[in-house]
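Topology and contacts: notes
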Amino acid sequence: MNRVERLRPLLEEPLLVASGANVRYLVGFSSSNAALLVEPERTLLFSDFRYADAGRAVEGVEFVETRRNVWSDLAERLSGRVGFEAEALSYAQYETLAAGGLELVPRRGLVEGLRAVKDEDELDTIRAAAAITSEAFERISGERFTGRTEREVAWRIDELFHELGAAGPAFETIVAAGAQSARPHARPTEQVIEPGQTVVIDAAARIGGYCTDCTRTFATGPLPERLQEAYAVCLRGQEAGLEAARAGTTGIDADAAARNVIEAAGFGEAFGHGLGHGVGLEVHEAPRLSRESGDTLTDGNVVTVEPGVYLEGLGGIRIEDLVIVTEGEPEILTTSTKELVTVD
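An account of the accompanying structure is given in this report. (Residues numbered from 1 in each chain as written. Predicted model: local features only at pLDDT ≥ 70, side-chain atom pairs only at ≥ 80, totals over all residues. Heavy atoms only, no water.)

Looking only at helices and strands, one finds 10 helices and 19 strands in the protein chain. Viewed in the frame of its principal axes, the protein chain has a C-alpha envelope of about 65 × 40 × 35 Å. Split into buried and exposed, the 344 residues of the protein chain put 55% on the buried side. For the protein chain, restricting intrachain contacts to residue pairs at least 6 apart in sequence, the fraction spanning at least 24 positions comes to 62%. Of the roughly 14800 Å² that the protein chain leaves accessible, carbon and sulfur atoms contribute 47%. (Helix = DSSP H or I, 4+ residues; strand = E, 2+ residues; numbered from the N terminus. Buried < 20%, exposed > 50% of the residue type's maximum accessible area, 1.4 Å probe, protein only. Contact = heavy atoms within 4.5 Å. Areas by Shrake-Rupley, 256 points an atom, 1.4 Å probe, with all protein chains shown as cover.)

Next up, the structure:
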C-alpha cells in the first residue's frame, strides 16, 4: 500500500497538504511552492510553471498547473469542506482560502503520524547518512581544534560530509567552545578555541532528503573538575535514556530515565531541554521525548537521545545518538566514541 492509500482511511474530508515535507513524503515531489489535495478517489498536485515538468512526471497524481500564488488559485478552484494542516498553513494562506468560500477544517498530525514510522527504504537511507556522520566525527577528532575559530571547525565538518558522499549537512553545524558551549543551540562564531575548554559539536549529514543528528563533546586539554563530573553524569544519563528507548515506552518515561540520573547527581537544573525527537525528512519531527510529550515510541521510529548539562559561564556537555526504536534494545546508528576525547 502506497503512502497516500495509508493516509486515506484517516481522513474525514479531503485533506489539503501544505507542508513541503509532507508533500514529498506522500508523492515524492519536492518544491518550494506546491500543495497536494488528497480526495477519496484521486490525488491532485498543484504547483506553478517552474515545477510543471517535474509535477507531470509524478506517478499516481493529477498535476494541475497554477498561478505563482498557489493559494489564491486554489481559492478559486476548490469548494466545499476541506481539511487543512493546521501546523503548516500560514494564517495569510488560510485567509486567502477562506475568502474563496471554502469550509476549512483544521487537522493535525495525520501525515506526520505516518512519517514517524519509517519503512525499510527510509531506514536504509538514514543508516547510510548516519555512517557518514559517524565517520566525519571520527575524522574531525583527529584534527587540531585550538587556534581555529568555531566557524572554521564547522566549515571543516561540512567539507567532510561532502567528501564522504553526503548531499550536505542536515542543518547548520553547531560548534561551541568554552562558555559558548553552555548554550544548547549556539551558532558558531569567530571565537578562537582555546586549551582547557569543552567543545560541543552538533552536526549531521543528509542523504536523499533524509536527515541524521549527532552530538559529541570534546576537551581541548584538562578540564575543571566540575566539567569532568558533568561529562560523566551526562554520559550515564544518556546510557539510561538509550536503555529506555524501546517500543511501548512513552516519551515522558524515556525522558525521565535520563533526567532522573542527572537530577540525582545534582545537575537537574542544568538539563533544561527534552531528551530527544524524531528525525527523518526533517531534523525535528515526531515522536518527542520530553516531559511534555504525548507520544509513545513504536517499532520503526527514528529518534535522538541527547541529554545535556549546561553550566553557565563554564561550559556545556551534550551527548547525542540517533537510534532506531525496536521491541528490544535500540539500534544505535551513530557509532563514534562517547568517551571524552581530548583534542589538540
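The next point concerns helix H2 (residues 20-27). The element H2 is largely enclosed, with a buried count of six among its eight residues. Every buried residue of H2 is listed here: Ala 21, Asn 22, Val 23, Tyr 25, Leu 26 and Val 27. A positive phi of about 80° marks Gly 28, the residue just after H2.

Our focus in this paragraph is the sheet that holds strand S2 (residues 34-38). Pairing is mixed across the open sheet formed by six strands, whose spatial order is S4-S3-S2-S1-S5-S6. Single-partner strands in this sheet number two, and they are strand S4 (62-65) and strand S6 (103-107). Strand-to-strand twist in this sheet, taken as the mean axis angle between neighbours without regard to direction, amounts to 25°. Here strand S5 (residues 81-85) runs beside S6; their pairing, made up of five bridges, is parallel. Looking at the pairing, Val 82 lines up with Leu 104 of S6. (Pairing = 2+ DSSP bridges. Axes fitted to C-alpha atoms, helices over the stretch in contact; angles between N-to-C directions.)

Turning to the packing of aromatic side chains, a few remarks are in order. With the rule as written, the count across this model stands at four aromatic pairs. Here Phe 29 and Tyr 51 contribute two aromatic rings whose centre-to-centre distance is 6.5 Å and whose plane-to-plane angle is 80°, an arrangement assigned as edge-to-face. Remark: Tyr 51 occurs in the loop between strand S3 (43-47) and helix H3 (52-56) and Phe 29 occurs in the loop between H2 and S2; sequence separation between them is 22 residues. Looking at Phe 29, the relative accessible area reads 3%, which means it is buried. One residue, Arg 259, lies across the ring of Phe 271, its end atom 4.0 Å from the ring centre. (Phe/Tyr/Trp six-rings, centres within 6.5 Å; stacked < 30°, edge-to-face > 60°. Lys NZ or Arg CZ within 6 Å of the ring centre and 35° of its normal.)

Spatially, the four strands line up as an open sheet ordered S8-S9-S11-S19, and their pairing is mixed. One side of each edge strand has no neighbouring strand; the edge strands of this open sheet are strand S8 (174-177) and strand S19 (341-342). The pairing of strand S9 (residues 198-203) with strand S11 (residues 214-219) spans six bridges and is antiparallel. Bridge pairing in S11 places Ile 201 opposite Arg 216. Here helix H8 (residues 150-163) sits on the sheet in contact with S8 and S9, set at roughly 150° to S8.

So, about helix H4 (residues 70-77). Along H4, the positions that sit buried rather than exposed are Val 70, Trp 71, Asp 73, Leu 74 and Ala 75. Among the structural elements, strand S1 (15-17), S2, S3 and helix H5 (91-99) are those in contact with the buried residues of H4. The backbone nitrogen of Trp 71 has a side-chain oxygen 3.2 Å away, supplied by the residue at the start of H4, namely Asn 69. (Polar contact = N/O pair within 3.5 Å; in protein donor to acceptor, adjacent residues only side chain to side chain.)

The next thing to look at is the pairing of S3. Most of S3 is tucked away, with five of its five residues classed as buried. Residues Thr 43, Leu 45 and Ser 47 line one face of S3 and the alternating positions Leu 44 and Phe 46 line the opposite face, and both faces are buried. Both S2 and S3 contribute to a ladder of five bridges, which runs antiparallel. Bridged to Ala 34 within S3 is Ser 47. Linking S2 to S3, which pair antiparallel, is a turn of four residues. Across four bridges, S3 lies against S4 in parallel orientation. Its bridge partner lying in S4, Ser 47 is registered against Glu 65.

The subject of this paragraph is the side chain of Ser 336. As for its placement among the helices and strands, Ser 336 is situated in the loop between strand S18 (331-332) and S19. The exposure class assigned to Ser 336 is buried, which follows from its relative accessible area of 5%. In contact with Ser 336, other than residues within four places in its own chain, are Ser 134, Phe 137, Glu 138 and Arg 216.

Nothing here speaks to function; it is all geometry.
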